[in-house]
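Results of the structural survey
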Amino acid sequence: MVIINCLKKVLMRRVAFCACLSILLVATTIAATAQTLSLAGQWRFKIDRENKGTAEKWYARNLEDNIRLPGSMAQNGKGDDITLKTPWTGTIYDSSFYFNPRLAKFRQAGNIKLPFWLTPAKYYVGAAWYQHNVNIPAAWKGKRIVLFLERAHTETHVWVDDHEAGMQNSLVAPHQYDLTDYLSTGPHQISICVDNRIKGINVGPDSHSITDHTQGNWNGIIGKIELQTAPLTYLDDIQVYPDVKAKVARVKLQLNNNGNSSFAGQVVLSAKSFNTAKVHQTQLIKTNVSIAGKQTKSIEVVLPLGSGMQTWDEFNPALYALTAVITSKGQSLEQRRAEFGMREFTIQGTHFLINGRPVFLRGTVNNCEFPLTGYPSTNIADWMRIFKVARAHGLNHMRFHSWCPPQEAFMAADRVGFYLQPEGPSWPNHGPKIGLGQPIDQYLYDETNRMAKHYGNFASFCMLSGGNEPAGNQVAYLNAFVDYWKKKDSRRVYTGMSVGGSWPVVPNAEYQVRGGVRGLAWEKRPESISDFTAGIGKFNVPFVAHEMGQWCVFPDFGEIKEYTGVYRAKNFELFQEDLKDQGMADQGRDFLRASGKLQVLCYKNEIEKTLRTPNYAGFQLLGLQDFPGQGTALVGVLNAFWKEKEYITSKEFARFCNTTVPLVQLPKFVFTNDEVLEAGIMVAHSGNAPLQNTTFKWTIKNEKGVLLTQGNFQVKTINNGNGIPVGNVKWPLNSIKQATQLKFEVSIVGTPYANDWNVWVYPAKPEAIKNEVYYTNAFDEKAKAVLDKGGKVFLNIAGQVVKGKEVIMHFLPVFWNTSWFKMRPPHVTGMLIQDQSSAFANFPTSYHSDLQWWEIANRAQVMVLEDFPAGFKPLVQPIDTWFLNRRLALVYEAKVGNGKIIVSSADLGPAIDADKPAARQLYRSLLQYMASEKFNPTGEVSFEVIKDVMVSPSKYQFSTFTKESPDELKPNSNQIKPKSNE
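Note that this is a predicted model, so its numbers are computed, not measured.

Examining the confidence of the model for the protein chain
A residue-level look at the protein chain finds 95% of positions with pLDDT of 70 or above and a mean pLDDT of 94. Mean pLDDT values over the elements of the protein chain span from 32, in helix α2 (residues 17–26), up to 99, in strand β27 (residues 419–421). Note that residues 1–34 has pLDDT below 50 and, in this model, 47 contacts with residues that lie over four places away or in other chains.

Notes on the sheet that holds strand β25 (residues 361–366)
Pairing in this open sheet of 6 strands is parallel, and the strands run β27-β26-β25-β33-β31-β30 from one edge to the other. Sheet topology places β27 and β30 (512–514) at the edges, where each strand pairs with a single neighbour. Adjacent strand axes in the sheet meet at a mean angle of 25° when their direction is disregarded. As paired elements, strand β31 (residues 543–549) and strand β33 (residues 618–622) share 4 bridges and run parallel to each other. Bridge pairing in β33 links Ala545 to Phe619.

With respect to the packing of helix α5 (residues 439–455) against helix α6 (residues 474–488)
One way to put it is that α5 packs onto α6 with a least axis distance of 12 Å and a crossing angle of 25°. When the axes of α5 and α6 are compared, the pair comes out roughly parallel. For the pair α5 and α6, the sense of crossing is right-handed. From α5, Ile440, Asp441, Leu444, Tyr445, Thr448, Asn449 and Ala452 reach across to α6, where they touch Tyr477, Ala480, Phe481, Tyr484, Trp485 and Lys488. In terms of residue class, the contact of α5 with α6 is made up of 9 nonpolar, 2 polar and 2 charged.

Overview of the packing of aromatic side chains
Applying the stated criterion across every chain yields a total of 60 aromatic pairs. Centroid distance Tyr775 to Phe794: 5.9 Å. Interplanar angle 25°. Geometry classified as stacked. Residue Tyr775 is found in strand β42 (residues 773–776), and its partner Phe794 is found in strand β43 (residues 792–796); the two are separated by 19 residues along the sequence. A relative accessible area of 0% means that Phe794 is categorised as buried. One aromatic cluster is present, built from ring pairs that chain together Trp88, Phe97, Tyr98, Phe116, Trp117 and Tyr123. In this structure, Lys784 packs its charged tip against the face of Phe943, placed 5.8 Å from the ring centre.

Things to note about the sheet that holds strand β41 (residues 754–762)
Taken in spatial order, the 5 strands of this open sheet run β35-β41-β40-β37-β38, and their pairing is mixed. With one partner strand each, in any of the chains shown, β35 (670–672) and β38 (707–718) form the two edges of the open sheet. Across the sheet, the mean angle from the axis of one strand to that of its neighbour is 25°, orientation sign disregarded. In terms of strand pairing, β35 meets β41 through 3 bridges, oriented parallel. Considered in β41, the bridge of Phe671 is made with Val761. Across the face of the sheet, helix α13 (residues 917–930) comes into contact with β35 and β41 while running at roughly 75° to β35.

Focus on the nonpolar core
In terms of nonpolar packing, the biggest core is built from 202 residues, with Phe387, Phe744, Trp853, Ile856, Leu890 and Leu908 touching the most fellow members. Among the elements that line this core, the one with the most residues is helix α9 (residues 588–611), at 10 residues. Residues within four places of Phe387 in sequence aside, it is in contact with Met398, Phe400, Ala409, Ala412, Ala413, Val416, Phe418 and Leu420.

Some remarks on the pattern of salt bridges
When the charged atoms of two side chains lie near each other, side chains of opposite charge can form a pair. For the coordinates displayed, the defined rule picks out 47 salt bridges. In this structure, the salt-bridge partner of Lys52 is Glu56, at a minimum N-O distance of 4.0 Å. When its relative accessible area of 40% is taken as the criterion, Glu56 is described as partly exposed. Of the charged contacts, one joins Asp867 and Lys955 as a salt bridge, the two residues approaching to 2.6 Å between their closest N and O atoms. With a gap of 88 residues between them, Asp867 in the loop between β45 (863–864) and β46 (876–880) and Lys955 in the segment after α14 (943–948) connect regions that are remote in the sequence. Given the relative accessible area of 65%, Lys955 is considered exposed. A single salt-bridge network, built from bridges that share partners, covers Lys105, Lys113, Lys570, Glu573, Glu577 and Asp581.

Description of unusual backbone geometry
For the peptide bond that leads from His153 to Thr154, omega is 5°, which places it in the cis range. Position of Thr154 relative to the elements: it lies in the loop between β8 (152–153) and β9 (155–160). In this structure, Cys368 takes a positive phi of about 70° despite not being glycine. You can see Cys368 is positioned in the loop between β25 and α3 (380–392). On the accessibility criterion, Cys368 (0% relative accessible area) is buried. Positive phi, normally seen in glycine, also occurs at Met823, with a value near 65°. Following the sequence through the fold, Met823 ends up in the loop between β43 and β44 (828–833). Overall, the relative accessible area of 11% leaves Met823 in the buried class.

Calculation rules
- Residues numbered from 1 in each chain as written.
- Predicted model: local features only at pLDDT ≥ 70, side-chain atom pairs only at ≥ 80, totals over all residues.
- Heavy atoms only, no water.
- pLDDT = per-residue confidence, 0-100.
- Helix = DSSP H or I, 4+ residues; strand = E, 2+ residues; numbered from the N terminus.
- Contact = heavy atoms within 4.5 Å.
- Pairing = 2+ DSSP bridges.
- Axes fitted to C-alpha atoms, helices over the stretch in contact; angles between N-to-C directions.
- Parallel < 35°, antiparallel > 145°, perpendicular 65-115°, else oblique.
- Left-handed = near helix turned anticlockwise from the far one by under 90°.
- Nonpolar A, V, L, I, M, F, W, Y, C, P; charged D, E, K, R; others polar.
- Phe/Tyr/Trp six-rings, centres within 6.5 Å; stacked < 30°, edge-to-face > 60°.
- Buried < 20%, exposed > 50% of the residue type's maximum accessible area, 1.4 Å probe, protein only.
- Lys NZ or Arg CZ within 6 Å of the ring centre and 35° of its normal.
- Core = buried A, V, L, I, M, F, W, Y, C linked by side-chain atoms within 4.5 Å.
- Salt bridge = Lys/Arg side-chain N within 4 Å of Asp/Glu carboxyl O.

Here is the structure:
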């Protein structure tokens, strides 16, 4: 029936082809000989707003409305329109939206646009009833009948006709109801009440298993919905435990006998590889079994795989299909199939091992972003695409933040070769707490046991965390949690919960996923020598960087048109309209591209810093893709659809994030030509085998691609590890006579692995410039007189800005987003530079921030240009947080009266210290430009408007209107903090 149903769907709906094909090929839990009845299609429906359906016996009558399943209420247009009183599931820390007069138009009926997250077409939290008629065939008499609901959200309550069949609540596993006693031959009515409220069990409103910050708190059933049959004696569970060294699989089976009579027969096991070029098949193993009526029996069978055994990892993800058959008196009664891979994911010291080989985890966090449906896909093809996109960016690992994906995600990861860390479906903070006897304590054990039962055989299920960033009596609870799982199931490794750096250490955790040892120390001059050795040194278990990155980029307004499903990007629409209101509608794409390049620069440098650290075990980015909630956190180089934005390709990203990455150690990136460039060459390797007889080639070219110098190093063997030294480069820079941008590249000959870095060289003793520019840091009557006479003025107002004093610029961009952290600085996310202007003729630059700008822009004041003419564009324009969209400037040129001026709020002038060669060179370039005929600003600004920047505060001042803040910003938010896990 499964095959027949799928073929019908293929003929009727070609768009469903991939989903059906995946079921045909890889269904893992349904007996091949079983009969099933799909319940997909039209159901009767009714919303139970007052929660009176049970009392009024709605299960005993026909409901009036209709809905299609699988699906959600919102997907079917059911529920309520969005208003300012919509009862969202999720914490809102920045409530200024509800009070800010500037945003009043987005609070009007018919124009509600929320900045916090994506907006669903309809919304409903509460009970809703779904009803379907079935006709049980006579052939099912004497068989076990189960109602299978693959993904229901969250609590289901089932009735058959007027008989109550039970209630289930799981966010991680199918809801399965044994309806044998209720479904006799003939017609019946099945009623399901689905309730998505947070009730007795509170996993936390920000948990990605339920929150509107990500997938949304939907109501419905979105996976496979069917009736399944089996004999009265059946296999209830199959768990496969690979033993790679012994070349056997230890298969643990649970048999249930629902009949009254005893059963005697055999269980027949075999396994066959199904995704490898060379097929490997085991011998049949037969085991006699007997079980009394109404009893359960557990048995263990050793299945030899022998010399032909194939192992699973990211490079060769060989998989086996285990077939288990129950026979009696020569007849096959039930056949079950389970997929598994022969692999061992273990720990040795501070390293993870896959089948005994060290592996470095290059991961990202999956937050359940599915903008078209608002719920996770149960289609293997969708998950294959996600993992392949991640793999193209050099990743091999994925963490599921406070949620567990459907079975199809594990199946896809198995095939691609991806190491997964699903989590208990809870962020027990912002309400619930662990270790205090609340219902969440037992629920996390129940849910992780369900995860192990349903997904434990999948080779990709290598790691398990209890959830995210808890509150409560954390250490005692999580120590016990880890100990429980270490004893119960050896197929994966365990940590307490994934946490930030301020959370207490859980000593019993087998590995740590923590913040605190990540980030870029760019309060000092950027370099590429330092690593994280000191930070991870106190841990004697593998350390994985928690939520690394979080570097923001400006919104891509071109993405709005992609929201054609349940969700609309009303947050993007708000930001775009506000940008237009601030007079910068035409700059949105430029802001995206420029801020994107800075974002990439940050990810590159942070990832490389982990790769330079010998005992670092891995990282989990937050994230490779954007996070649509928590104020709209645009931290990805991919959008929420896992699609590329226009400022970096996967191939470019994989140069610094890959199995093998060449690295360079530079004390700085900006030099003068009286210095010697000295650099160490290193490599990080996490391959299938050591690199043998490898040649590393290095080149230095100028910005025109002309080769200036080169060399190579020959290395006999590179084993797996980080920060492996290769050689040293020393090159005098005295042959460079003018300001030059260099590209330093290191490649591994005969491989695709290469990496590069920009380096700048400026004259140590620049020649004097003859000009008639009046330099001043006081915009006084003398400056006005010079301008009135048609003269030229360079005005340096560093430290004197009033209109813009509230805008804090670091060189690093906005972290996560300014809304979630209530406008915590920095507020600026990169700079847009008019690089084609002759002002930069002697200061090589692109249109975006790069490391030569660090000493110029870091901690510099910015100017708010709220009173400047419409369309006025600075030479250097800091890009404000998209929540405020203030028009900013760091350097601008203008006509003033009869004269011309350049104004800088960066500290540029003739007295720049020698340790700031880039700032000195920029100042020289601007003076040379002012001395030339090309200095002809088009924008006109009055003397008074320029002066006002140093006198009057900005007309708009951000107000939070509320005092509440995220846990990360609260003092003493965590207790019981052991110093280490040693």
